[in-house]
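# Survey of secondary and tertiary structure
Listed here are the chains, written in short residue letters.
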Amino acid sequence: VAFRVYLGHSVAPHELGAVYGIAELAARRGMEPIVSDRRWVPTAPPLRIVESLKGLNAFVVIATSSGSELEWVNTELVEALKLGLSSATVVSVIDSGVEPPATGKILTINRASLPETISETAATLEQLQMERNQKNLLAGLLLGGLAALLLASKD
């Protein structure tokens, strides 16, 4: 199962390239990035948005001081958390001065080097992906050990 990453963004139109740069780098690293549109009222996400928020492994908040869609991002994040997203897997990539969510990791956008910020974001997501894989491996080993014990006890 792919590592699903939702990219909630509040950026100016000319800054969307950075959002798609993060999505592209995440996809190259074996993740499934999801970038939503803003064709809905931020008070209640439509079913298509809710469906894309189900089963997420991480949520990236991308917010710049030029963005005007933080209300959408906050609505998406609240919905994702309601649907079971762990607050520890929220990564905020924000301009200094933008108020981040009260949860997760915070990365400040380096305006002098956007590629550095994109790379740091992708590395953070890769770390979360590795942690998930390790938990899944451990759970598999535990289940395998329990199955072996059950089979051995029948003899």
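The structure presented is a predicted model; accordingly, all values stated were derived computationally and were not measured.

Let's shift gears to the pairing of strand S3 (residues 58–63). Counting buried residues along S3, six of its six residues qualify, which places the element largely inside the surrounding structure. Burial of S3 is two-sided: the residues Ala58, Val60 and Ile62 facing one way and the residues Phe59, Val61 and Ala63 facing the other way are all buried. Pairing analysis gives six bridges linking strand S1 (residues 3–10) to S3, with the strands arranged parallel. Across the sheet, Ser10 pairs through a bridge with Ala63, a residue of S3. By the bridge criterion, five bridges tie S3 to strand S4 (residues 90–94) in an arrangement that is parallel. By the bridge assignment for S4, Ile62 is matched with Val93.

Moving on to the environment of Thr75. Relative to the helices and strands, Thr75 is located in helix H3 (residues 70–82). Along the chain, Thr75 and Pro45 lie 30 residues apart, while their C-alpha atoms are 7.3 Å from each other. Residue contacts for Thr75: discarding those within four places in its chain leaves Trp40, Pro42 and Pro45. Reaching out from Thr75, the side chain makes a polar contact with the backbone oxygen of Pro42 at a distance of 2.5 Å.

All right, on to the packing of aromatic side chains then. For the coordinates displayed, the defined rule picks out one aromatic pair. Ring centres of Tyr6 and Phe59 lie 5.2 Å apart, and the angle between their planes is 25 degrees; this geometry places the pair in the stacked category. In this pair, Tyr6 sits in strand S1 while Phe59 sits in strand S3, placing the two residues 53 residues apart along the sequence. Given a relative accessible area of 0%, Tyr6 falls into the buried group.

Tracing the chain through its elements places Pro115 in helix H4 (residues 114–153). Judged by relative accessible area, which is 59%, Pro115 ranks as exposed. Each C-alpha atom of the pair Pro115 and Gly21 lies 8.5 Å from the other, and the pair is 94 residues apart in sequence.

Counting buried residues in S1 gives eight out of eight residues, a clear majority hidden from the surface. Here S1 shows no split at all, with Phe3, Val5, Leu7 and His9 on one side and Arg4, Tyr6, Gly8 and Ser10 on the other all buried. Pairing analysis gives five bridges linking S1 to strand S2 (residues 31–35), with the strands arranged parallel. Looking at the pairing, Arg4 lines up with Glu32 of S2. Note that the unit made of S1, helix H1 (residues 16–28) and S2 has a crossover that is right-handed.

Criteria and thresholds
- Residues numbered from 1 in each chain as written.
- Predicted model: local features only at pLDDT ≥ 70, side-chain atom pairs only at ≥ 80, totals over all residues.
- Heavy atoms only, no water.
- Buried < 20%, exposed > 50% of the residue type's maximum accessible area, 1.4 Å probe, protein only.
- Helix = DSSP H or I, 4+ residues; strand = E, 2+ residues; numbered from the N terminus.
- Pairing = 2+ DSSP bridges.
- Contact = heavy atoms within 4.5 Å.
- Polar contact = N/O pair within 3.5 Å; in protein donor to acceptor, adjacent residues only side chain to side chain.
- Phe/Tyr/Trp six-rings, centres within 6.5 Å; stacked < 30°, edge-to-face > 60°.
- Right-handed = clockwise from strand over helix to strand, strands pointing away.

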